[in-house]
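Descriptive structure summary
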Amino acid sequence: MNNQRKGRKRPSNTIPARMSLGGNRKISSDNEEIRKQSQDSSSESSSDSDDGEDSQGEEKEEGETEAPPSAKPAEVSSEYWNIQKLIKYAKAGNQTATIIALCCLKQHDLTQDINISAVIDIGGLEILINILETKDLKCKIAALKVLKDISGNVDVRKNLTDLGIVPLLVTTLAQPYKELQILAAETLANVGRVKKASRQVRRYYGIPRLVDLLDSASTAILAKDPKDLTPTELDSLAVSRAGARALWSLSRTSRNQEAMRQAGVVRLLARLLKAKLHPDVVVPIVAIVQQCASQKSYQLAIQTEGMIEGLVEYLADGTTELKRHCACAIFKCAEDEVTRDLVRQHGGLEPLIKIASDSSLRGLKSLLAAVTGAIWKCAISSENVHQFEELQVMDTMVDLLTSEENEDVLTNVVGAVAECARFPSNKAALRVAGGIPPIVSLLSGGTNAGLLENAARALGEAAKELESMEIIEELDGVRMVWSMLKRPYPAVQAAAAAALCPCIQNAKDSGEMVRSFVGGLELIVGLLRSTDNRVLASVCAALSIIALDRENLAVITDHGVVPLLSELVLSTDDLLRQHLAEAIANCCQWGNNCREFGRLGAITPLVGYMASSDPLVHRSTAHALNSLSEDAFNCVTMHQSGVVQYLLETIGSEDEKLQESSAGCLSNIRKLTLSAEKYKYSN
């Protein structure tokens, strides 16, 4: 080990020559092979991303620092030289000297830049990794203690990954010594934040080993107070805690999440989630749950394993960090109706409102974003909205609207307002609380697509109440909603077009208002060229209302609305079919539009809409066919397309509008037939 040539500088990105501690250390041939494999994988091109994972990469947390530059001799203190001496002793001494040197090194603050520089400059990282390849238990423990501390630095853990530490740590996890397992897992918790390291842990089958560590603490241990645990039980608990922290770091990618699920992590998460007496275990467990909750397979498992009850309980009584993780997990899972019902049944709605209304927590933006997101998703269910009403949700949401500037929080708040405002009582509550002006102001700028979409949806719901519509008109809100159609985001365009429907319906002089928007009608007609079905459906709905005004109908006809609508009739999307048929029905009331639709081949596909299973499609289609049947040529086409059989069925419907439209269309076809017969016999 001391025979290296002087003056020959070892490259920082290579593994140093193997060393023997004292003379009794031997390097495991298995570890040697693993190190070679790791070096081979490190040299692969970065374009080989292995799997195209949706990883967030490495997340830099508070208190972390970048790797410091090498310190110059004139700038360093005596501590710098002391650390370098200890590294030399660890490299050159026997087992005892190495252990003593590493223990002394552990006494230094290895989070300080100057101390990290001292370790890096003398090649300490390579030496520490080489010690992990020995068979001396005490040396490995001492080296892992140092690595655990120093790997808190962002660039240090990247260097450790490049030097091949991951396969060595994975191998160490299989050792039958709890202290080794704990230290290796805690080091992996730091190193695993590097995307490359996270991938390597999965490649070397480290995830199943970490999942096995979770099972170290039995149910009996988890049920005991920490003060009553024996040293052996404390060690078992520490193993589970270290494994949880490591899996927390690794669960940032979908492929790792799937590997964890296949390794059986769900059952263990459900069991450890009940360890109420051990918050240091519960926090990483809940963090894993919330990170994996975006996966459909985990959402189902969270329901079936009864985790919702635990999440709700910690949401009410946990620490701030625990509340954030629980709220975030509910936010992700509450897209599912069953989860929303479980949250309500276990009493989770009240804690959410309580946290959102707590002014002392307004500075914790991540917590507030998670809580308001959970409220938003839970409000999708009508039963939850009724309970939110009792908790005065609108007052809380409007208070946040007027006091918050964080876009994530505002997006979730406006989303919750949009869901709750579906009910008339909440529309009035929103207006009384003064919530309409701040929502309108959100449309005036910004590029956050989610925020703009939710704001448009909220205004659309509010506009269904006449008193609220008056306020929106006074604030020039309709013009702002219309301007959202220019945004390049399909979701925003769809929400804005849908919001225009109640705005136009309830405006005092809607026809004149629409015409006052310069270029507005041309803009909305042009959106019929969109390739997004949501945009097309919302635009058709808006055009069907705009066309009720004859002057506006003449304008959109000049802009080519008839051929654009005719091009969409082959759609198979029922929502688009519904609004498209309504738009065609209303556009038939101007000039030769009715015959033009027939000439462009819109009749036969419309007849096919009557075979849909959606009664709303039947209603709007019958209306369109009734309007189109005013033209004799269209009646012939309808009859040839077999429309009569459908109309005879729908004429007996309980829907009066569907009955009327079906009867009107049949009447027009019947009149044409009688006229044709009369003409035939008269000649």
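Residues numbered from 1 in each chain as written. Predicted model: local features only at pLDDT ≥ 70, side-chain atom pairs only at ≥ 80, totals over all residues. Heavy atoms only, no water.

1. Focus: the overall build of the protein chain
The helix and strand inventory of the protein chain stands at 43 helices and zero strands. Burial analysis of the protein chain (683 residues in total) assigns 53% to the buried set. Summarising the internal contacts of the protein chain: among those between residues at least 6 apart in sequence, 75% fall at separations of at least 24. Of the roughly 30300 Å² of accessible surface on the protein chain, a fraction of 49% belongs to carbon and sulfur atoms. (Helix = DSSP H or I, 4+ residues; strand = E, 2+ residues; numbered from the N terminus. Buried < 20%, exposed > 50% of the residue type's maximum accessible area, 1.4 Å probe, protein only. Contact = heavy atoms within 4.5 Å. Areas by Shrake-Rupley, 256 points an atom, 1.4 Å probe, with all protein chains shown as cover.)

2. A word on the pattern of salt bridges
Under the criterion given, the structure shown has 29 salt bridges. With a closest N to O distance of 2.5 Å, Arg261 and Glu258 form a salt bridge. Residue Arg261 and its partner Glu258 are both found in helix H14 (residues 254–262); the two are separated by three residues, about one turn of the helix. Among the residues examined, Glu258 registers a relative accessible area of 28% and is labelled partly exposed. A salt bridge links Arg619 to Asp655; the shortest N-O distance between them is 3.5 Å. Linking Arg619 in helix H40 (residues 615–628) with Asp655 in the loop between helix H42 (643–650) and helix H43 (656–682), this pair joins segments that are 36 residues apart in sequence. Given a relative accessible area of 32%, Arg619 falls into the partly exposed group. Among the ionic contacts, a cluster of salt bridges with common partners joins Glu512, Arg515, Asp549 and Glu551. (Salt bridge = Lys/Arg side-chain N within 4 Å of Asp/Glu carboxyl O.)

3. What about the packing of aromatic side chains?
Each pair of aromatic rings is reported with the distance of its centres and the angle of its planes. This model, assessed by the stated rule, comprises three aromatic pairs. Measuring from ring centre to ring centre gives 5.0 Å for Tyr80 and Trp81, while their planes differ by 90°; the resulting arrangement is edge-to-face. Over the aromatic face of Trp376 sits the side chain of Lys377, whose NZ or CZ is 3.9 Å from the ring centroid. (Phe/Tyr/Trp six-rings, centres within 6.5 Å; stacked < 30°, edge-to-face > 60°. Lys NZ or Arg CZ within 6 Å of the ring centre and 35° of its normal.)

4. Looking at helix H15 (residues 265–272)
Within H15, seven of the eight residues are buried, which leaves the element mostly enclosed by the surrounding structure. Every buried residue of H15 is listed here: Val265, Val266, Leu268, Leu269, Ala270, Arg271 and Leu272.

5. Overview of the side chain of Ser662
Mapped onto the secondary structure, Ser662 falls in helix H43. Engagement of the side chain of Ser662 in a polar contact is seen with the side chain of Thr650, the distance being 2.7 Å. In this structure the side chain of Ser662 is engaged in a polar contact, spanning 2.8 Å, whose partner is the backbone oxygen of Leu658. Those residues within four positions of Ser662 in sequence are excluded, and the remaining contacts are Ala622, Leu647, Thr650 and Ile651. (Polar contact = N/O pair within 3.5 Å; in protein donor to acceptor, adjacent residues only side chain to side chain.)

6. Here we look at unusual backbone geometry
The residue Tyr205 is not glycine, and still its phi comes out positive at about 60°. Position of Tyr205 relative to the elements: it lies in the loop between helix H10 (195–203) and helix H11 (206–214). If you check the backbone angles, Asp476 has positive phi at about 60° while not being a glycine. Relative to the assigned elements, Asp476 resides in the loop between helix H29 (466–474) and helix H30 (477–483).

7. Considering the packing of helix H8 (residues 165–173) against helix H9 (residues 178–191)
Where H8 contacts H9, the axes come no closer than 8 Å and their chain directions differ by 145°. The hand of the H8/H9 crossing is left-handed. Taking contact as the criterion, the partners of Ile165, Val166, Leu169, Thr172 and Leu173 in H8 are, on H9, Leu180, Gln181, Ala184, Ala185, Thr187, Leu188 and Val191. A breakdown of the residues in the contact of H8 with H9 according to their chemical character gives nine nonpolar, three polar and no charged. (Axes fitted to C-alpha atoms, helices over the stretch in contact; angles between N-to-C directions. Left-handed = near helix turned anticlockwise from the far one by under 90°. Nonpolar A, V, L, I, M, F, W, Y, C, P; charged D, E, K, R; others polar.)

8. Regarding helix H3 (residues 95–106)
Look at H3: 16 Å from first C-alpha to last across 12 residues, which is about the 16 Å you get at 1.5 Å a residue. Along H3, the residues classified as buried are Gln95, Thr98, Ala101, Leu102 and Leu105. One side of H3 holds all its buried residues, which, seen down the axis, span an arc of 130°. Of the surrounding elements, those touching the buried residues of H3 are helix H2 (78–92), helix H5 (124–131) and helix H6 (137–150). Taking the backbone nitrogen of Thr96 as reference, a side-chain oxygen 3.2 Å away marks Asn94 as the first, capping residue of H3. (Expected span 1.5 Å × (residues − 1). Arc of directions from axis to C-beta.)

9. Brief notes about the nonpolar core
In terms of nonpolar packing, the biggest core is built from 220 residues, with Leu210, Ile375, Trp482, Ile524, Ile556, Leu565 and Ile584 touching the most fellow members. Not counting residues up to four positions away in its chain, the partners in contact with Leu565 are Leu528, Cys540, Leu580, Ala583, Ile584, Cys587 and Phe597. (Core = buried A, V, L, I, M, F, W, Y, C linked by side-chain atoms within 4.5 Å.)

10. Observations regarding the environment of Thr650
Looking at where Thr650 falls in the secondary structure, it is placed in helix H42. For the pair Thr650 and Met610, spaced 40 residues apart in sequence, the C-alpha separation works out to 9.0 Å. Residues in contact with Thr650, not counting those within four places in the same chain, are Met610, Leu658, Gln659 and Ser662.

11. Quick look at the environment of Ser297
Among the structural elements, Ser297 can be located in helix H17 (residues 296–304). When its relative accessible area of 32% is taken as the criterion, Ser297 is described as partly exposed. Residues in contact with Ser297, not counting those within four places in the same chain, are Glu258 and Arg261.

12. Focus: the confidence of the model for the protein chain
Looking at the protein chain, pLDDT values average 87 and 88% of them are 70 or higher. Scored below 50 in pLDDT, residues 69–74 shows eight contacts in the model against residues more than four places distant or in partner chains. (pLDDT = per-residue confidence, 0-100.)

13. Things to note about the state of the cysteines
A full pass over the atoms with the stated rule returns zero disulfides. Free cysteine: Cys139, not disulfide-bonded; nearest cysteine sulfur from Cys103 at 9.4 Å. (Disulfide = S-S within 2.5 Å.)

14. Observations concerning the environment of Leu580
Take Leu580: it is sitting in helix H37 (residues 574–587). Separated by 15 residues in the primary sequence, Leu580 and Leu565 have C-alpha atoms spaced 7.1 Å apart. Excluding its chain neighbours within four sequence positions, the residues that come into contact with Leu580 are Cys540, Leu565, Leu568, Val569 and Tyr609.

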